[in-house]
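Chain by chain, the residues run as shown.
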Amino acid sequence: MVAPTVGVLALQGAFAAHAAIFERLGARAVEVRTPGELAAADALVIPGGESTTISMLLERSGLLEPVRDRLRGGLPVLGTCAGMILLASEVLDGRPDQHCFGVVDIGVRRNAYGTQVDSFEASIAVEGLGAPFPAVFIRAPAVEQVGPGVEVLAVADAGPVLCRSGAATAAAFHPELSGDDRLHARFLSEL
Ligand code: GLN
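Only a predicted model underlies this, so the values are computations on that prediction, with no experimental measurement involved.

A. Structural view of the overall build of the protein chain. When helices and strands are counted, the protein chain shows six helices and 12 strands. Taking 16 Å as the expected radius of gyration for a compact globule of 191 residues, we find that the protein chain reaches 15 Å, a close match to that expectation. Counting only C-alpha atoms, the protein chain reaches 40 × 40 × 30 Å along its principal axes. If you sum the accessible surface of the protein chain, you get close to 8200 Å²; carbon and sulfur atoms cover 52% of it. Across the protein chain, the mean location of the 14 positive side-chain charges is 4 Å away from that of the 22 negative side-chain charges.

B. The arrangement of empty space enclosed by the protein in detail. Summed over the entire model, instances satisfying the criterion amount to one cavity of 30 Å³ or more. Each pocket or cavity is described by its volume, and for the largest cavity that value is around 110 Å³. In this structure, the largest cavity is lined by Leu78, Leu153, Leu162, Arg164, Thr169, Ala171, Pro175, Leu183, Arg186, Phe187 and Glu190. For the lining of the largest cavity, the secondary-structure elements that each account for two or more residues are β11 (159–165), β12 (168–171) and α6 (182–189).

C. Structural view of the site of the ligand. Taken together, Gly48, Gly49, Glu50, Ser51, Cys81, Ala82, Ile85, Arg110, Asn111, Ile138, Arg139 and His174 form the complete shell of residues around the ligand. Contacts to the ligand include Arg139, whose backbone N or O atom sits 3.0 Å from a nitrogen atom. The separation between a nitrogen atom of the ligand and a polar side-chain atom of His174 is 2.8 Å. Computed on the free molecule, the ligand has an accessible area of 300 Å², of which 97% lies beneath the protein chains in the complex. Here the shell around the ligand is built from residues that sort into four nonpolar, five polar and three charged.

D. Broad picture of the sheet that holds strand β9 (residues 142–146). An order of β5-β6-β9 is seen for the three strands of this open sheet, with the pairing classed as mixed. The two strands at the open ends of the sheet, each matched to only one other strand, are β5 (90–92) and β9. Taken pair by pair, the neighbouring strands of this sheet meet at an average axis angle of 25°, ignoring direction. Pairing of strand β6 (residues 106–109) with β9, which is carried by four bridges, proceeds in the antiparallel orientation. Within β9, the position partnered with Val108 by the bridge is Val143.

E. Structural detail: the environment of Gly147. Tracing the sequence through the fold places Gly147 in the loop between β9 and β10 (151–156). Taking relative accessible area as the criterion, Gly147 reaches 13% and is therefore assigned buried. Considering only alpha carbons, one finds Gly147 and Ser89, 58 residues apart in sequence, at a separation of 9.3 Å.

F. The environment of Ser189, seen in detail. Topologically, Ser189 is positioned in helix α6. A distance of 2.8 Å separates the side chain of Ser189 from the backbone oxygen of Arg186, its partner in a polar contact.

How each quantity is defined
Residues numbered from 1 in each chain as written. Predicted model: local features only at pLDDT ≥ 70, side-chain atom pairs only at ≥ 80, totals over all residues. Heavy atoms only, no water. Helix = DSSP H or I, 4+ residues; strand = E, 2+ residues; numbered from the N terminus. Rg over C-alpha atoms; globule rule 2.2 N^0.38 Å. Areas by Shrake-Rupley, 256 points an atom, 1.4 Å probe, with all protein chains shown as cover. Lys, Arg positive; Asp, Glu negative; His and termini not counted. Charge placed at Lys NZ, Arg CZ, Asp CG, Glu CD. 1 Å grid on protein atoms, 1.4 Å probe; cavity = no way out; pocket = protein on both sides within 12 Å on 5 of 7 lines; lining within 4 Å. Points joined across faces, edges and corners; volume = space filled by probe spheres on them. Near = heavy atom within 4 Å. Polar contact = N/O pair within 3.5 Å; in protein donor to acceptor, adjacent residues only side chain to side chain. Nonpolar A, V, L, I, M, F, W, Y, C, P; charged D, E, K, R; others polar. Pairing = 2+ DSSP bridges. Axes fitted to C-alpha atoms, helices over the stretch in contact; angles between N-to-C directions. Buried < 20%, exposed > 50% of the residue type's maximum accessible area, 1.4 Å probe, protein only.

Given below as structure tokens:
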């Protein structure tokens, strides 16, 4: 079987670590900055970073509509932190002009954990994963609404932190930063 090509949206934020993990797991990882690079991808990662900036760069790069079209067509996608915000259907405390793709029917609040605990690690139980996952949260969004058809795969103190809807998975944390590849491996195994 040919290894799948995972596109990692590389406009801003923590994209390099995702690409390295997928390469290590035997996939081909391509950094996506143009519609042409997106076209080569069998799956997409939208990394953590700053959702307002990524949204603006999606517009400028001409990727906003191509990404929207591919996601509507069922492209498997993993969105982490800012990526979760971009996959959501509603963003609270966002910029009025920031885009979200609405492929996971959740309402998220940006920077919901306040300044004094804007970065922390928590051990979370993830459905189907066995041992707890060490989740790194950095100015994470909170999931405040969950629509029908959304599977909640992990919950922490403040509510859902890992949600799936069809081929789209959204994590409030940074799975690429904890030295635990199980979520990336699971994403690959489902391609
Ligand atoms: N607070 C950021 C945002 O609103 C997300 C932070 C992150 O991705 N680590 O986009």
